[in-house]
Amino acid sequence: MMTPATAVSNAVLGAGRGAWRWLGGWWQVLFVGAQLAVLTLSPSSWRGHPRAQVLRQIDEAAAPGLPGFTLLMALFNVVVIRIVVVTAFAYGLSQYALDAVVRVLVLELIPLAAALYVAVEYSIAGGSQLYKWRRDGGPQRLRAAGGDPLAHEVLPRVLGAMFAVLLLAALSCVISLVLTYVAVHGFTTAGVASFNRAVGHIFNPAVTLIFGLKTLLFAVAVSLLPVANALRDIEHRPSRTSVELQGLVQMLVLMLGIEIASLVGNYY
């Protein structure tokens, strides 16, 4: 029969092992990220076969989802812009309509939507493929052939996902601003000057810096975490489904932290 002291000791040991595995997981992410940063800055990663792999992964990550995501975000923007503009006019707050739309859509929702879309459509599935490739002995075969697994398989996936997030976010921001202008001023160029002044007032240097850093960090989180988790050696990991879930949980936690930090920087 287990005594209370033994139960407490086992609970403490279990919590300690869990915390150690948690810290080890994040250390693995940082270590892999540092290695990939060095490879990205290395000229050898942009020659011959590695460069072709990077370009192929960028095409696979960005091209298939570009039309669908663009159309989806355009429809979403039309709905949100219409709701905000009509509500603002109804309450006599028309002067705040543009500010509200740009802050809600461009600053907050679009980077998050682009990151989640790339995560679901590309990076999580890519992490599963990488785990399966690693489990089947792919890195050993590649090393035997004189290749580097990080440079040939991991780096192209990470760069492809990062480029896709940045591209989709930038394109969606442009579409959102155009639709916002049309919703507020209509199909005329008379309001271009006032619209530019209003948007420029919102995107002051501090807000622009925070927006750029947030989008970049979202791209890093979406691209790096599924891959880094697939490279970890975790005991009792029965299938690649657990790889996807662990990478997804880590990614959402990190993205939540980034979003909270950006909100604090913008509004406090």
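What you are looking at is a predicted structure, and each value in this text was computed from that prediction instead of being measured.

Asks: Any chance you could explain the packing of helix H2 (residues 48–62) against helix H6 (residues 149–185) here in plain terms?
Replies: The description of two helices packed together rests on the angle between their axes and the distance between the axes. For the pair H2 and H6, the least separation of the axes is 7 Å and the interaxial angle reads 40°. On the basis of the axis angle, H2 is oblique to H6. Of the two elements, H2 crosses H6, and the hand of that crossing is right-handed. Residues His49, Pro50, Gln53, Val54, Gln57, Ile58, Ala61 and Ala62 of H2 pack against Ala151, His152, Glu153, Pro156, Arg157, Leu159, Gly160, Ala161, Phe163, Ala164 and Leu167 of H6.

Asks: Is there a simple way to explain the environment of Thr70 in this structure?
Replies: On the secondary structure map, Thr70 appears in helix H3 (residues 66–90). The class for Thr70 is buried, based on a relative accessible area of 18%. Once the C-alpha coordinates of Thr70 and Ser172 are considered, the two residues, 102 residues apart in sequence, prove to be 6.6 Å apart.

Asks: I'm lost on the packing of aromatic side chains in this one. Help?
Replies: When we look at a pair of aromatic rings, we describe it by the centre distance and by the angle of the planes. All told, the structure shown has three aromatic pairs when counted by the stated rule. Residues Phe69 and Tyr117 carry aromatic rings whose centres are separated by 4.8 Å and whose planes lie at 50° to one another, so their mutual orientation is tilted. Pair noted here: Phe69 is in helix H3 and Tyr117 is in helix H4 (residues 97–135), with a separation of 48 residues, a long-range link. Assessed through its relative accessible area of 2%, Phe69 is described here as buried. Since its relative accessible area comes to 22%, Tyr117 is described here as partly exposed. Aromatic pair Phe203 and Phe211: ring centres 5.9 Å apart, planes at 85°, arrangement edge-to-face.

Asks: Teacher, can you tell me more about a nonpolar patch on the surface here?
Replies: Where nonpolar side chains cluster on the molecular surface, the patch consists of Leu256, Ile260, Leu263, Val264, Tyr267 and Tyr268 and spans about 650 Å² of accessible area. Tracing the backbone shows Tyr267 in helix H9 (residues 240–267).

Asks: I'm lost on the environment of Ala183 in this one. Help?
Replies: Here Ala183 is to be found in helix H6. In this structure Ala183 comes out as partly exposed when scored by relative accessible area, which is 38%. When the C-alpha atoms of Ala183 and Val85 are compared, they prove to be 7.6 Å apart, with 98 residues separating the residues in sequence.

Procedures and definitions
Residues numbered from 1 in each chain as written. Predicted model: local features only at pLDDT ≥ 70, side-chain atom pairs only at ≥ 80, totals over all residues. Heavy atoms only, no water. Axes fitted to C-alpha atoms, helices over the stretch in contact; angles between N-to-C directions. Helix = DSSP H or I, 4+ residues; strand = E, 2+ residues; numbered from the N terminus. Parallel < 35°, antiparallel > 145°, perpendicular 65-115°, else oblique. Left-handed = near helix turned anticlockwise from the far one by under 90°. Contact = heavy atoms within 4.5 Å. Buried < 20%, exposed > 50% of the residue type's maximum accessible area, 1.4 Å probe, protein only. Phe/Tyr/Trp six-rings, centres within 6.5 Å; stacked < 30°, edge-to-face > 60°. Patch = residues over 30% accessible without salt bridge, like charges linked within 9 Å, V, L, I, M, F, W, Y side chains within 5 Å. Areas by Shrake-Rupley, 256 points an atom, 1.4 Å probe, with all protein chains shown as cover. Salt bridge = Lys/Arg side-chain N within 4 Å of Asp/Glu carboxyl O.

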